[in-house]
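# Observations on the three-dimensional arrangement
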Amino acid sequence: MSEVFKGSFTQQEPIPEDAIAAAVAVMRHGRLHRYNTADAEVSETALLEQEFAASVGAKYCLAVASGGYAIATALRAVGIGHGDRVLSNAFTLAPVPGAIAAVGAVPVLVEVTDKLVIDLDDLATKLDKAKVLLLSHMRGHICDMDALMALCDAAGVTVIEDCAHTMGAAWRSTPSGRHGAVGCYSCQTYKHVNAGEGGLLVTDDPAIAARAILLSGSYMLFDRHLASPPAAAFEKLKYETPNISGRMDNLRAAILRPQLRALDSQVARWNERYHTLEKGVQHTPGLTIVERDPNEHFVGSSFQFLLRQWTTAKVHDVLSRCKKRGVELKWFGAAVPSGYTSKYDSWRYADLTALPKSDQILAGLVDMRVPLTFSIDDCSLIARIIREEVSSVFQQS
């Protein structure tokens, strides 16, 4: 009888006990708003910002309501507005181009490679089309950041990094989010720290940081931030920067601070599961493993593989067979959006031009979440199921 996996692909680990205790303490005193503090008290949110900035080596950090809000705030803070064009890679999730559209700008999409990173050759041909690149490290895949920054710096293009899937990751020894002018992170349930929703923004630029803090809804309470620029940075900006409230609250910050301290150990656990899956599907007929650059220290919180030049019917067959055995796979080549998954040509608000290279890659791209509730044995079982079903369908070719 065929093996069946009985776990859940959406079940996260419980919130750690020290995070629960910290959240209960906030609820007991009732001061959930980040600026509602007792005398001499520093808010949980301000402490989280200070601790996260230190963890990635940034001067400034802002905690906000979501990763998408962090990206939109970063775009506004670097000067993007209505009608501007912003470059971004075609393989990402809808909140990334959505953040561009939210500020009235137009996404201009760049091809991706079979390593699932932005195509630097295509980017080079489009750098004259925009003054900002919103780079998505989609599903934790990091491109050659040295080469990318050299291209963008030479063209005078500002880089904002979407690090929703790379908190805890690095290129060479530089943390993800620290190559560009701004790094944006997500604290949503399916990311690397779990507050349900939440976002973080880091930068070394005092003007960008000041604008972001004002945009987030600081009113004139910006002096209550710890990881913020000096008061002089706000003096002119406070009169011309609109309040677009999207603050993080103390309850979520209290939940996140203990998780942040445990991030390195969590990354090691994710990568152990990722490598178990990778080893388990190696040499499967018809299946291509996505290569990782040795300079990339990634976080294996999801797993991807390619079914190159497979027909739509055969891809569907693999997905269906695996689902019957309890393995939930997502496909990025579908003609219509489904759940969290969508292909770039469904974002009708973008500047849609033909991206034949991306089309070919996405047509065979299969994706899977790797929650830490999976054991190593679970990952071995999942790999066996994928291997068996892909092999079976491939042999019918």
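Quick look at the structure, then. (Residues numbered from 1 in each chain as written. Predicted model: local features only at pLDDT ≥ 70, side-chain atom pairs only at ≥ 80, totals over all residues. Heavy atoms only, no water.)

### Some points on the environment of phenylalanine 374
Tracing the chain through its elements places phenylalanine 374 in the loop between β14 (365–369) and α12 (376–395). Judged by relative accessible area, phenylalanine 374 falls into the buried class, the value being 2%. The spatial distance from the C-alpha of phenylalanine 374 to the C-alpha of glutamine 12 is 9.3 Å, given a sequence separation of 362 residues. When sequence neighbours within four positions are dropped, the list of residues in contact with phenylalanine 374 reads Phe5, Ser8, Phe9, Arg273, Arg369, Cys379 and Ile382. (Helix = DSSP H or I, 4+ residues; strand = E, 2+ residues; numbered from the N terminus. Buried < 20%, exposed > 50% of the residue type's maximum accessible area, 1.4 Å probe, protein only. Contact = heavy atoms within 4.5 Å.)

### Digging into α12
Look at α12: 28 Å from first C-alpha to last across 20 residues, which is about the 28 Å you get at 1.5 Å a residue. Among all positions in α12, only Cys379, Leu381, Ile382, Ala383, Ile385, Ile386, Glu389, Val390, Ser391 and Val393 are buried. Residues of α12 that are buried in the fold lie against α9 (263–281), β12 (302–306), α10 (312–324) and β14. In this structure serine 375 caps α12, since a side-chain oxygen of it lies 3.4 Å from the backbone nitrogen of aspartate 377. (Expected span 1.5 Å × (residues − 1). Polar contact = N/O pair within 3.5 Å; in protein donor to acceptor, adjacent residues only side chain to side chain.)

### Here's the deal with the pattern of salt bridges
On inspection of all chains with the given rule, the structure shows 23 salt bridges. Residues arginine 34 and glutamate 49 are paired through a salt bridge, measuring 2.6 Å at the closest nitrogen-oxygen approach. Of this pair, arginine 34 sits in the loop between α1 (17–29) and α2 (44–56) while glutamate 49 sits in helix α2, and the two are 15 residues apart along the sequence. On the accessibility criterion, glutamate 49 (0% relative accessible area) is buried. Between arginine 139 and aspartate 367 there is a salt bridge, with its nearest N and O atoms 2.8 Å apart. (Salt bridge = Lys/Arg side-chain N within 4 Å of Asp/Glu carboxyl O.)

### A few points about the packing of helix α3 (residues 67–77) against helix α7 (residues 206–215)
Running from N to C, α3 and α7 point in directions that differ by 125 degrees, and their axes come no closer than 9 Å. Classed by the angle they form, the pair α3 and α7 counts as oblique. Of the two possible hands of crossing, α3 and α7 adopt the one that is right-handed. From α3, Tyr69, Thr73, Arg76 and Ala77 reach across to α7, where they touch Ile208, Arg211, Ala212 and Leu215. In terms of residue class, the contact of α3 with α7 is built from five nonpolar, one polar and two charged. (Axes fitted to C-alpha atoms, helices over the stretch in contact; angles between N-to-C directions. Parallel < 35°, antiparallel > 145°, perpendicular 65-115°, else oblique. Left-handed = near helix turned anticlockwise from the far one by under 90°. Nonpolar A, V, L, I, M, F, W, Y, C, P; charged D, E, K, R; others polar.)

### Looking at unusual backbone geometry
Of note, tyrosine 219 is a non-glycine position whose phi angle comes to about 55 degrees, a positive value. By secondary structure assignment, the location of tyrosine 219 is in the loop between α7 and α8 (250–261). Residue tyrosine 219 is classed as exposed on the basis of its relative accessible area, which comes to 51%. The backbone phi angle of glutamine 309 is positive, close to 60 degrees, even though this residue is not glycine. Mapped onto the fold, glutamine 309 is located in the loop between β12 and α10.

### Digging into the nonpolar core
Judged by nonpolar contacts, the single largest core of 45 residues is most densely connected at Phe52, Leu123, Leu133, Leu148 and Leu200. Listing elements by their share of this core, those giving two or more residues are α2, β1 (60–64), β3 (106–110), β4 (132–136), α6 (145–155), β9 (199–203), α8 and α9. With sequence-adjacent residues up to four places away left out, leucine 200 is seen in contact with Leu48, Phe52, Cys61, Leu62, Ala63, Val64, Ala70, Met167, Gly183, Cys184, Tyr185 and Cys187. (Core = buried A, V, L, I, M, F, W, Y, C linked by side-chain atoms within 4.5 Å.)

### What to know about the packing of aromatic side chains
What the rule picks out here adds up to 11 aromatic pairs. Centre to centre, the rings of phenylalanine 5 and phenylalanine 374 are 5.1 Å apart; their planes meet at 80 degrees, and the pair counts as edge-to-face. Of this pair, phenylalanine 5 sits in the segment before α1 while phenylalanine 374 sits in the loop between β14 and α12, and the two are 369 residues apart along the sequence. On the accessibility criterion, phenylalanine 5 (5% relative accessible area) is buried. Pairing tryptophan 310 with phenylalanine 394 gives two aromatic rings, centres 6.1 Å apart and planes at 25 degrees, and the pair type is stacked. Of this pair, tryptophan 310 sits in the loop between β12 and α10 while phenylalanine 394 is found in helix α12, placing the two residues 84 residues apart along the sequence. Assessed through its relative accessible area of 12%, tryptophan 310 is described here as buried. (Phe/Tyr/Trp six-rings, centres within 6.5 Å; stacked < 30°, edge-to-face > 60°.)

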